[in-house]
Each structure stands twice: as C-alpha cells, then as structure tokens.
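Spelled out from the first residue to the last, the chains are:
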Amino acid sequence: MRPNHPLSESRLFYLFKGYIGGSLTELETAELNGWAELSLENRRVLEDLVNEGYIEAGIKNQQAFNIEAALLRIKKEERFEKGRPAYKLLKYITIAASLFLVCFLGFYFYQKKVDTSSVSTAGKVIHTGGNNAILTLASGETIALNSAKNGRVAIQGNAVVNKTKEGQVVYVPGEDVPDAIVYNTIATPRGGEYELTLSDGSRVWLNAASSIRYPTVFTGDKRSVEITGEVYLEVAKMKNMPFIVSSKGQQVEVLGTHFNINAYSDEPLTKTTLLEGRVKVSVSQAHHSVLLSPNQQALSSGQELKVATANVEEVVAWKNGYFRFNNDDIYSVMRKLSRWYDFEFVFDGSLPNEGYNGTISRYKNINQVLAMLEYSNAVHFKIEGRRVIVMR
Amino acid sequence: MVKNQDDVQSLSYPLNMGDERIFDQVFRMYYAPLCDFSERYLHSKDDAEETIGKLFVNLWNNKEVFSDPDQTRAYLYRSAYNGSLNTIRSNKRRFKREHAYGMDTEFTEESFLNNMLRSEMIAMISREIDRLPEHYANVIRMSYVEGLKNEEIADLSGLSVQTVKNYKNKGMNLLKSRVSGRIFAIISSFLFLDQLKNGLF
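What you are looking at is a predicted structure, and each value in this text was computed from that prediction instead of being measured. Numbering of residues starts from 1 in every chain and runs along the sequence as written. To label them, take the chains in the order written and letter them from A, then take the ligands in the order written and number them from 1. Local features in this predicted model are restricted to residues of pLDDT 70 or higher, and side-chain atom pairs are both shown and tallied only at a pLDDT of 80 or more, whereas totals for entire chains, interfaces and linings draw on every residue. Water and hydrogen atoms play no part in the side-chain values, which are based on all heavy atoms of the structure.

Chemist: Break down the pairing of strand β24 (residues 387–391) of chain A for me, with residues and values.
Modeler: Residue and element names in this part refer to chain A. Looking at chain direction, strand β21 (residues 344–348) and β24 are connected through 5 bridges and run parallel. Bridge pairing in β24 links Phe-345 to Val-388. Two strands are counted as paired when DSSP detects at least two bridges linking them. Here a helix means four or more residues in a row that DSSP labels H or I, a strand means two or more in a row labelled E, and each is numbered from the N terminus. Sheet topology places strand β23 (residues 380–384) next to β24; 5 bridges connect them, and they run antiparallel. Paired with His-380 across the strands is Met-391, a residue of β24. The turn joining β23 and β24, which pair antiparallel and follow one another in sequence, is formed by 2 residues; a positive phi near 60° is taken by Gly-385.

Next up, the structure:
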C-alpha cells in the first residue's frame, strides 16, 4: 500500500526525534537513512528538519496562529454541542439501537462465513507468541529462522551460523581471524521470541519486537553490540575484552554477567536490571554513569539516570516463559500483552487507577490471560478480531 | 532528544475529548501544528484554520477517546488530511484557479506522512518554548519569532532592557536544560545572531 514507507509511523517519529536530538544509535541512523534513500521526497524531509532557516520559518508560522482566539471561536459555533441531556439521551438510544443491529448482522454473517469457509477468518485472530525471528546477513539478505533447516545456515566473516534442533542460532568462530568485521542482525516481530549464542559464547534472549546487531566474530579490545526492545544477556567472561551494549540513548559496559535491558521505544524509561556480577550503565546524553550491583536496576530516560532496587523475578519472567505483574498499571500491562500476542488495544472510557498483580504462562491463549485480569473486577475486555477493547 | 520522551506526556491517557479540560489541552497542543499541516495543502491560513476548527468541533461532539500518543497523533493528522481534501472538494471553483497557478500539493500517502513529520517535528521544538514560564516565553517569542530588538521588547512589555536581557538568558538556560544540544543550537543561533546584529550582546 505504501511502498515508500516500510517503517511504521510511530517508528519514523521515534527516529526523527532522535535524529533531531542527535541521540540515534548507529543502527537507528542506518535505518533512517535507508528510509531516506527510498525517495527524493523522503530525503528532502530529512534535510529540511536540520536546516536552520526551514525550522525558523516553521516555528514562526506555527507561533503565528492565535490559539486562544480560535478556541473561543469554535466553542461559540452553533455546531459545538453544549450538554443537553434530553438530546444526549436520544442520541445514546439511537447509538445503542444501531450497535445492536450491527452486532446482530455481524454475528449473522460471521456464522454464515464459518459455515462456508473456516479459513477466511485466519489472520484476524489473536495468536499466542512463539519462537520466531529474522536473521539479516551482512549482505542484507534475510533468513526467516522459523522455516530455515537445522544445521549450517550461513558462513559470515569466518564464523559458521548454525541453527540447533532446539531452534536457536549459534555462532561458531573459525580458526583464523577474519579480514573484516561483519555484522549480522536478528530481529523478532511482535509475537516472536528467540535465543542465540554469539561467537564468544555469550547467550542472548530476545523478547517480542526486539533486535540485536553484533559482529559475527569479536576482534579488537571491545565486544560491542546494539539492541532494541527487550533483551536478556548472559555475557561470557573475557577479562581484557569488555562487552558493551548500546540501546536507546544508553550504554552498558560489562565484563561477564547476567542482566536484562528493557529499551522499548514505547516505554517511558529504559530499565537495565542486574542479576549477577557488575555492570556500568551510562547515558549518551550526559557524562554520567552508575555501577550496578546484583538486584539493582538502572532507570534511564534522556539525560536522567537513577538506581532502584529491582524485583528480579518480575523482570526476567518473560525469559522464563511467563508474565508477572506486580502492581503494574493497566497501560503497561496492555503494552506488554500486545507485544506478545500482537494485537491493538483501545480504551473505552477512563479506567480506575488500579495496580494489577498476577502470574500466568506466556503460552496460554489471550482469553485465559485477559480472564485473569478480569478477576480484579476493575477492568473488562472485548475482543474484536485483532483488537482488544479495554473497559470498566 | 527532548527530555520528555513523549511530547504529550503532560496528558494522562486515555484521553476523553468530551472532557472540556482535556479537550482544551489537546486543542492548545495540536491546533497550530495541524493548521500548519493543512496550510501545506490549502496554501491559505484562513482555509486551514476553518478546516482544523471543524475537526475539533467533531472531536468534541463525538467524544472521541484516544488510547495513546501515537494513536492521537495519527488520528488528528489523518483527519486534518481528509478535512483539507474536503475543503478543496467543496470549494472546487476557487481552488481550481489556484491549481492553474501550480500551487496544488498532491494528496498522496507520501505527502501525508512527510508533511506530518514536518509539522510535528517543528511543533516539538515550538512546544518547548511554550513550556517555559510565561514571562520568559514571551520575551523569547518576541525576540525569536517576531524578531524584535531588546529595546523594542522593553518598550512593549514595560520591562527594563536589563530585565529583558535577564529573562532571555534565564529562559534560554531553561530551554537548554530541556532540549538536546542540537535543537538548542538551532534555536540559539538565531537569538545570538540577532543579538550580535543588534550589538547588544
């Protein structure tokens, strides 16, 4: 439909904000440049938005609108409905009646459809997430790991890329040092998770809608990788070669430890949680870093960096195959679920400010998980295709 | 990066547009960028303001509810795009004349996304000025947006020239702490240029 914009709107906004703010990682910059290469018009937008003259003219234009006057004006318009109870009630009755009709017809046709072809509803149902990821080789070639055969998948810069029978990817370094450093990327879609072992033996678990970019063989004095989304890492100890993880505006430096990073772009904070050993977390925007001890969590956002005590069990629940909510608000609960089950959600009306508690397997179907949340009696759900409506 | 990750973070979701307090907040935040966006298609400030005014009346009357910032932005710009298209359709004769002057912007998905990026990114910077304490924001607007000299600002606002300078500096320092180096460099280059030109700095 939109061949020139393979990136989602929200992803593009995120990239542009970072671009203007100068906080993009190398990987993200490449992603944005890739988008800009798609058309002359795309390239122009990117250039305009760091052009001082263009921005000055734009700000002047926007500041010139008299917002308060406009607000008063539209509220005086005849079309602007004032609270008129009788009229409203009538309106609601009409809405209720038409909704009933729509539901009835929808149900009728749905039944008919099921009778004739049960396949046609596929793709409109919410599925439970599972093992699923895409490997991007140095050449840009992509491999769907789900459908790849077990055994050797590729050879990349002297490392052999194997897929194990458990459905993981393992990099085995060759004898010789490669001539050039070659990068691969593994990315999970919404509703996917994946596990891989890097050439130094470090293990990586990717949650849904996450990615990691890494050299196929580590050389030099550092091991550097870039991640997005949520990743759990068990870094192999190498005394003289620190492991550095870059994500949304922050860097984590380690020698050999177990830790989790949650850096989803739709979450307000990046959370780095340490289980074992020591890590140093720094934010790119400021010359500021903290050293974490086990069971501590670094919370970063832009230039801010704070340390808190972590509920480790809750943080790594996803990697162990379950959801664990511990006084989480409904928005954060829904964001988590929607990434794993790949659905959209909308809120119908305002909801009570309740904290949700509970533990449930990630491999249950969506109905079972939502039913658990409904026990609270503070919230109810309606599923329409791949959309979940959250209401009181 | 702008410190508040989300430009509309001061709003708590879900947003019920039938709630007057929330309606006003969203209006103040989006009216100017949406008009700017619509103007890119209509090439007329008045037509753009009328189109966006209608859009907000509909939001209020339908008590639209938004679940998150991405959805809010996407919905508003999509409506502004459709509204602008309707404005052109219902004023065909008038816009035909402008078409003849080659002033038309094509209504395509590409133009939609790119114009939205332009308007919204500029709004992101512009909102940072709006977020400053009123007296700082006013001085900075007069200097940056209207291009007035310190003396002129002092005359208009009844402040001393020294106070104008102080407000400008304090406001700029605040702005600096709120936006990243790159945006700040863009904004401040005008102010300092201005001050250099005026020989007052």
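Chemist: Residue-level account of the interface of chain A and chain B, with values.
Modeler: Of the residues lining the interface, 62 residues belong to chain A; the matching set on chain B comes to 61 residues. Two parts placed together each lose some accessible area under a 1.4 Å probe, and adding up what both lose gives the buried area. Taken over both partners, the interface formed by chain A and chain B buries close to 5900 Å², and the fraction arising from carbon and sulfur atoms is 61%. When residues of chain A are sorted by the area they lose upon contact with chain B, Phe-13, Gln-62 and Phe-65 of chain A head the list and together hold 13% of the total. Here, a salt bridge means any Lys or Arg side-chain nitrogen found within 4 Å of an Asp or Glu carboxyl oxygen. Inspection of the region where chain A meets chain B yields 6 salt bridges. The term polar contact refers here to a pair of N or O atoms within 3.5 Å; inside protein, the definition further demands a hydrogen-donor-capable atom paired with an acceptor-capable atom, and it admits residues adjacent in sequence only when both atoms are side-chain atoms. Joining chain A to chain B, the criterion identifies 22 residue pairs in polar contact (both at pLDDT 80 or more). Looking at the side of chain A that touches chain B element by element, the count peaks at 11 residues for helix α4 (residues 52–63) of chain A. Throughout, a residue-residue contact means that at least one pair of heavy atoms, one from each residue, lies within 4.5 Å.

Chemist: Lay out the sheet that holds β23 of chain A with the relevant residues and their values.
Modeler: Residues and elements named next belong to chain A. Spatial ordering of the open sheet is given by β21-β24-β23, a layout of 3 strands whose pairing is mixed. The strands lining the two open edges of the sheet, one partner per strand, are β21 and β23. Neighbour-to-neighbour, the strand axes of this sheet turn through a mean angle of 25°, independent of strand direction. Across the sheet, helix α8 (residues 330–341) touches β21, β23 and β24, and the angle it forms with β21 is around 155°. Axes here refer to lines fitted to C-alpha atoms; in helices the fit is confined to the stretch in contact. Angles between the N-to-C directions go from 0 to 180 degrees. Its contacts with the sheet put helix α9 (residues 366–374) on β23 and β24, and the angle it makes with β23 is roughly 160°.

Chemist: Summarise the confidence of the model for chain B; cite the residues concerned and give the values.
Modeler: Residue and element names in this part refer to chain B. Per residue, pLDDT captures the predictor's confidence, and it can take any value from 0 to 100. In the predicted model, chain B carries a mean pLDDT of 80, and the fraction of residues at 70 or more is 78%. Across chain B, helix α2 (residues 45–61) holds the top mean pLDDT of 94, while helix α9 (residues 181–198) sits lowest at 57. Here residues 1–9 is modelled with pLDDT under 50, and outside its nearest four sequence neighbours on either side it reaches 33 contacts, counting other chains as well. Overall, residues 193–201 carries pLDDT values under 50, and its contacts beyond four positions in sequence, including any with other chains, amount to 11 contacts. Confidence metrics for the complex model read pTM 0.47 and ipTM 0.82.

Chemist: So what's going on with the pattern of salt bridges? Which residues, and what values?
Modeler: Going through the model one piece at a time under the given rule, you end up with 25 salt bridges over all chains. With a closest N to O distance of 2.8 Å, Glu-20 of chain B and Lys-75 of chain A form a salt bridge. Here Glu-20 of chain B is found in helix α1 (residues 20–42), whereas its partner Lys-75 of chain A is found in helix α5 (residues 67–76) on a different chain.

Chemist: Give me the lowdown on the layout of surface pockets, citing residues and values where you can.
Modeler: What the second largest pocket holds in volume is close to 790 Å³. A cavity, in this analysis, means grid points on a 1 Å lattice covering only the protein atoms where a 1.4 Å probe fits yet has no way out; a pocket is instead an open set bounded by protein on both sides within 12 Å along at least five of seven lines, and a residue lines either one if it has an atom within 4 Å of a point. In this structure, the second largest pocket is lined by 25 residues; those nearest its centre are Gln-63 and Ile-67 of chain A together with Arg-28, Asp-130 and Arg-141 of chain B. Sorting the residues of the lining of the second largest pocket by element identifies α4 and α5 of chain A together with α1, α5 (109–130) and α6 (134–145) of chain B as the ones contributing at least two each. Per element, the largest residue contribution to the lining of the second largest pocket is 6 residues, and it comes from α6 of chain B. Grouping the constituent residues of the lining of the second largest pocket by class yields 10 nonpolar, 7 polar and 8 charged. Grid points are joined across faces, edges and corners, and a volume is the space filled by probe spheres set on the points. Under the grouping applied here, Gly and all other residues not named as nonpolar or charged are polar, the nonpolar ones being Ala, Val, Leu, Ile, Met, Phe, Trp, Tyr, Cys and Pro and the charged ones Asp, Glu, Lys and Arg.

Chemist: Which residues make up the packing of aromatic side chains, and what are the values?
Modeler: Between 30 and 60 degrees the pair is tilted, below 30 it is stacked and above 60 it is edge-to-face, where a pair is any two Phe, Tyr or Trp rings, Trp via its six-membered ring, whose centres lie within 6.5 Å. This model, assessed by the stated rule, comprises 26 aromatic pairs over all chains. Taking the centre distance of 6.5 Å and the plane angle of 75° together, the rings of Phe-343 of chain A and Phe-345 of chain A count as edge-to-face. Judged by centre distance (5.7 Å) and plane angle (85°), the rings of Phe-345 of chain A and Phe-347 of chain A are edge-to-face. Each member of the pair, Phe-345 of chain A as well as Phe-347 of chain A, is classed as buried. Members of the aromatic cluster, joined through ring pairs, are Phe-65 and Phe-80 of chain A together with Phe-23, Phe-27, Tyr-31, Phe-56 and Trp-60 of chain B. The rule for a charge over a ring is simple: NZ of Lys or CZ of Arg within 6 Å of the ring centre, and within 35 degrees of the ring normal. We note Arg-78 of chain B situated over the ring of Phe-112 of chain B; from NZ or CZ to the ring centre the distance is 4.0 Å. Sitting over the face of the ring of Tyr-30 of chain B, Arg-127 of chain B holds its NZ or CZ atom 5.1 Å from the ring centroid. Each residue is placed in one exposure class: buried if its accessible area under a 1.4 Å probe, protein chains only, is under 20% of its type's maximum, exposed if it is over 50%, and partly exposed if it falls in between.

Chemist: Could you give an account of unusual backbone geometry, naming the residues involved and the relevant values?
Modeler: Outside of glycine, negative phi angles account for most residues, and trans bonds account for most peptide bonds. Going from Tyr-13 of chain B to Pro-14 of chain B, the amide bond is cis rather than trans, its omega being -5°. In this model, Asp-342 of chain A sits at a positive phi of 55°, which is unusual for a non-glycine residue. Position of Asp-342 of chain A among the secondary structure elements: in the loop between α8 and β21. For His-43 of chain B, which is not a glycine, the phi torsion comes out positive at approximately 55°.

Chemist: Please give an account of the nonpolar core that cites residues and values.
Modeler: Remark: nonpolar core denotes a set of buried residues (Ala, Val, Leu, Ile, Met, Phe, Trp, Tyr, Cys) joined through side-chain atoms within 4.5 Å. Ranked by size, the top nonpolar core spans 67 residues in total, and within it Phe-16 and Leu-32 of chain A together with Val-26, Tyr-31 and Phe-56 of chain B carry the most contacts. With sequence-adjacent residues up to four places away left out, Leu-32 of chain A is seen in contact with Leu-12, Leu-15, Phe-16, Tyr-19, Leu-24 and Leu-46 of chain A.

Chemist: Tell me about helix α3 (residues 40–48) of chain A, and please be specific about residues and values.
Modeler: Within the sequence span of α3 of chain A, burial applies to Asn-42, Val-45, Leu-46 and Asp-48 of chain A. Along the axis of α3 of chain A, the buried residues cluster in a sector spanning 165°; they form a single face. The elements touched by buried residues of α3 of chain A are α1 (9–21), α2 (26–36) and α4 of chain A together with α5 of chain B. Note: the arc covers the axis-to-C-beta directions of the helix.

Chemist: Go over the confidence of the model for chain A, please, and point to the residues and values.
Modeler: Residues and elements named next belong to chain A. Per-residue pLDDT for chain A has a mean of 81; in total, 87% of the residues score no lower than 70. Residue range residues 1–5 is modelled with pLDDT below 50. Its contacts to residues more than four positions away, or to other chains, number 13 contacts. Between residues 84–94, whose pLDDT stays under 50, and residues either more than four places distant or in other chains, the model counts 7 contacts.

Chemist: Can you lay out the environment of Tyr-356 of chain A for me, pointing to particular residues and giving the numbers?
Modeler: All names here are of chain A. Assignment of secondary structure puts Tyr-356 in strand β22 (residues 356–361). Here Tyr-356 falls in the buried class, since its relative accessible area comes to 3%. Spatially, the C-alpha atoms of Tyr-356 and Ser-332 are 9.9 Å apart, while their sequence positions differ by 24 residues. Leave out the neighbours within four places in its chain, and Tyr-356 touches Phe-325, Asn-326, Asn-327, Asp-328, Asp-329, Ile-330, Val-333, Leu-373, Ser-376, Ala-378 and Val-379.

Chemist: Tell me about the packing of α4 of chain A against α1 of chain B, and please be specific about residues and values.
Modeler: Relative orientation of the contacting elements α4 of chain A and α1 of chain B amounts to 115°, with a least axis distance of 9 Å. Taken together, the axis directions place α4 of chain A and α1 of chain B in an arrangement best described as roughly perpendicular. Seen from above, α4 of chain A lies across α1 of chain B with right-handed handedness. Where α4 of chain A abuts α1 of chain B, its residues Tyr-54, Asn-61 and Gln-62 of chain A lie against Ala-32, Pro-33, Asp-36, Glu-39 and Arg-40 of chain B. Taken together, the residues that form the contact of α4 of chain A with α1 of chain B break down as 3 nonpolar, 2 polar and 3 charged. For classification, angles of less than 35 degrees are called roughly parallel, those exceeding 145 degrees roughly antiparallel, those between 65 and 115 degrees roughly perpendicular, and all remaining angles oblique. Crossings are sorted by hand: turned counterclockwise from the far helix by less than a right angle, the near helix makes the crossing left-handed, and turned clockwise it makes it right-handed.

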